[in-house]
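Survey of secondary and tertiary structure
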Amino acid sequence: MTFNELGLSAKVLQAVEASGYTAPTPIQAEAIPIALAGRDVLGIAQTGTGKTAAFTLPMLSRLEQGRARARMPRTLILEPTRELAAQVEEAFSRYGINHKLNVALLIGGVSFGDQEAKITRGADILIATPGRLLDFFERGKLLLTGIEILVIDEADRMLDMGFIPDIERICKLVPFTRQTLFFSATMPPEITRLTEAFLHQPARIEVAPPSSTASTITQALVASAPGPSKRETLRRLIRGADSFKNAIIFCNRKRDVALLHKSLLKHGFNAGALHGDMDQRARMASLEAFKTGEVDLIVCSDVAARGLDIPDVSHVFNFDIPVHAEDYVHRIGRTGRAGKAGTALTIVAPIDKKHVAEIEKLIGKSIGWLDGADFSSLRADDEAAADLNSDSAAKPLSPRTARRQRGRRGESERPDRAPSHGRESGRAPVQEIAKESSRGQRKPAAAAHRSRPYSDADDSPVVGMGDHTPMFLLRPVRLKPTKATEEQE
Ligand code: AMP
């Protein structure tokens, strides 16, 4: 199948060709002709399936007739996050290069003034997050009665973020006769109910989530003891990475994203972070810095990174193995794009065995171990580490007991701190030596030729905040005199 067979306008086809796409993806092949015919679409598809073009291309074709009026946008696209909204705007710039259509973006964290000017001028395409859209509407800056096409994208994520009441309200504010293009990766009951209420005899198009990984991606598992030594393992992987350009590092929890980001900075890495608790400006800045190469590492959570299209990434590191096997396919799909080579390394502890098995089942192949060092070598290292400890008579502690003891001693669990004693303390160094030496034996001469931006030289542990003392700690503190101190004076 080619794009020519879908009924798109000549202007759109030209832009598609300029994008370098040769064939439509399954969701595009099915949804585009239906959308062009003016019918409602219920697309059950995830990001990475090409769903953005599945709605932008027919919209552009259909918008060639007619003009926008002041404050009355012709089409409305709702996105759950500002990054996704900005990404859709980018898609319109790319595919709409031959059109003279006005695109307006209504997202939080950006000044009202500029956005208002665009709406007042008349927008053919309005891309918005639900909250900011309703804000504008309530201030009387916007009329929704001219909407011809309504797109609701990532509906299940809207549900996760509590936007469903807003969506319902918006659906009631736009004309009943509009066309609705609705996309969701999954169909929980709340989403089904929404589609039943607001879609008119939609064509249901379901695309299987991607379950295979590109052959351009070299994948490997990296055994690591759980807990503190994981960060050390990650640093070693980054420093030893072949043909390194940049990397996305995934953590499962946003708390860990922040923690790992801080640790990487302290160790001299040029890293940004992306997680849901960051404010919008910081998120956009982080993403932009990574896209432009200002930082070459970005630590992300799945939710923050979902749907983001970042081209040309040389490495993906799974600091935590994903809990859902499909997320693995998504994560590592950030590298090895467009025929380029990419590397995806997943740090795993013995406790992650179940997740490894699920991923291997989904992708239909087993993932090898980096340098052949699997869990058994890790366990051997652990034993060696325990023996090296002068405290060999001590019984191995369970992580819980160790934590409790550390707590009683007033020690922190900070992984970057030099460990004091106990079974855990010996693990990382021994494992590190074992891995480094095996790597050294494998390719002793090649190392000098690799592009490795991070040298191994300064691997000393960073204690506390390292050299960095936050300004607030340097401020003089004036204590309010209490009755007792006044009496003493
Ligand atoms: P999406 O699912 O819309 O986020 O798209 C995922 C990625 O696929 C984006 O990088 C698009 O540029 C790319 N893409 C979309 N359609 C095609 C196509 N027909 N052929 C190749 N790549 C595509």
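Above this note sits the structure.
To keep things clear, this report deals only with the structure shown in the data block. Please read these numbers as outputs of a predicted model, since none were measured by experiment.

Next up on the list: the overall build of the chain. Each helix and strand in the chain was counted, giving 20 helices and 13 strands. A sequence separation of at least 24 residues applies to 77% of the contacts in the chain between residues at least 6 apart.

On to the packing of aromatic side chains, then. Evaluated as defined, the whole model comprises three aromatic pairs. For arginine 139, the ring lying beneath its charged end belongs to phenylalanine 112, and the centroid distance is 4.0 Å. The ring of phenylalanine 319 is capped by lysine 230, whose NZ or CZ atom sits 4.8 Å from the centre of that ring.

Counting across every chain of the model gives 13 salt bridges. For the salt bridge of lysine 141 with glutamate 116, the shortest nitrogen-to-oxygen distance reads 3.4 Å. Remark: glutamate 116 occurs in helix H5 (residues 112-121) and lysine 141 occurs in the loop between helix H6 (130-138) and strand E5 (149-152); sequence separation between them is 25 residues.

Once that is clear, we can look at the state of the cysteines. Summed over the entire model, instances satisfying the criterion amount to zero disulfides. Cysteine 251 takes part in no disulfide bond, and the closest cysteine sulfur, belonging to cysteine 300, lies 8.8 Å away. Residue cysteine 251 is classed as buried on the basis of its relative accessible area, which comes to 0%.

Once that is clear, we can look at the nonpolar core. With 36 residues, the main nonpolar core has Leu57, Ile77 and Leu181 as its most contacted residues. Contributions of two or more residues to this core are made by helix H1 (10-19), helix H2 (26-36), helix H3 (51-63), helix H4 (82-95), strand E4 (125-128), E5 and strand E6 (179-184). With seven residues, the single largest contributor to this core is H3. Excluding anything up to four places from it in sequence, leucine 181 contacts Ala35, Arg39, Val41, Phe55, Met59, Ile149, Leu150, Val151 and Ile152.

Another point: the environment of glutamate 206. Residue placement: glutamate 206 occurs in strand E7 (residues 203-206). With 22 residues separating them in the primary sequence, glutamate 206 and serine 184 have C-alpha atoms 9.7 Å apart. For glutamate 206, the side chain forms a polar contact with the side chain of arginine 204, separated by 3.5 Å.

Turning to the packing of H4 against helix H12 (residues 280-292), a few remarks are in order. In a pair of packed helices, the angle between the axes and the distance between the axes together describe the arrangement. Orientation of H4 relative to H12, taken along the N-to-C sense of each, is 50°, at an axis distance of 10 Å. Relative to H12, H4 is oriented oblique. Contact residues: Arg82, Glu83, Ala86 and Glu90 in H4; Gln280, Arg283, Met284, Leu287 and Lys291 in H12. Within the contact of H4 with H12, the residues separate by chemical class into three nonpolar, one polar and five charged.

So, about the side chain of threonine 180. With respect to the helices and strands, the residue threonine 180 is situated in strand E6. On the accessibility criterion, threonine 180 (1% relative accessible area) is buried. If near-sequence neighbours (up to four positions away) are discounted, threonine 180 is found in contact with Asp40, Val41, Leu150, Phe198 and Leu199.

Here E7 shows a clear split, with Ala203 and Ile205 buried on one side and none of Arg204 and Glu206 buried on the other. Taken together, the four bridges between strand E1 (residues 41-44) and E7 define a ladder with parallel strand orientation. Bridge assignment links valine 41 to a residue of E7, and that residue is alanine 203.

This brings us to H2. Buried within H2 are the following residues: Ile27, Gln28, Ala31, Ile32 and Ala35. When H2 is viewed along its axis, its buried side chains cluster within an angular range of 110° and face the same direction. Contact partners of the buried residues in H2: E1, H3, E6 and E7.

Pairing is parallel across the open sheet formed by six strands, whose spatial order is E8-E13-E12-E9-E11-E10. A strand with exactly one partner marks an edge of an open sheet, and here the two such strands are strand E8 (217-223) and strand E10 (271-274). The average angle at which neighbouring strand axes cross in this sheet is 20°, direction not considered. As judged from the five bridges shared by strand E9 (residues 247-251) and strand E11 (residues 297-301), these two strands associate in the parallel manner. By the bridge assignment, cysteine 251 is partnered in E11 with serine 301. Strands in contact with helix H11 (residues 254-266) are E9, E10 and E11; relative to E10, the strand with the most contacts, it is inclined by about 170°. Its contacts with the sheet place H12 against E9, E10 and E11, and it is angled at close to 135° to E10.

Each value, and the rule that gives it
Residues numbered from 1 in each chain as written. Predicted model: local features only at pLDDT ≥ 70, side-chain atom pairs only at ≥ 80, totals over all residues. Heavy atoms only, no water. Helix = DSSP H or I, 4+ residues; strand = E, 2+ residues; numbered from the N terminus. Contact = heavy atoms within 4.5 Å. Phe/Tyr/Trp six-rings, centres within 6.5 Å; stacked < 30°, edge-to-face > 60°. Lys NZ or Arg CZ within 6 Å of the ring centre and 35° of its normal. Salt bridge = Lys/Arg side-chain N within 4 Å of Asp/Glu carboxyl O. Disulfide = S-S within 2.5 Å. Buried < 20%, exposed > 50% of the residue type's maximum accessible area, 1.4 Å probe, protein only. Core = buried A, V, L, I, M, F, W, Y, C linked by side-chain atoms within 4.5 Å. Polar contact = N/O pair within 3.5 Å; in protein donor to acceptor, adjacent residues only side chain to side chain. Axes fitted to C-alpha atoms, helices over the stretch in contact; angles between N-to-C directions. Parallel < 35°, antiparallel > 145°, perpendicular 65-115°, else oblique. Nonpolar A, V, L, I, M, F, W, Y, C, P; charged D, E, K, R; others polar. Pairing = 2+ DSSP bridges. Arc of directions from axis to C-beta.

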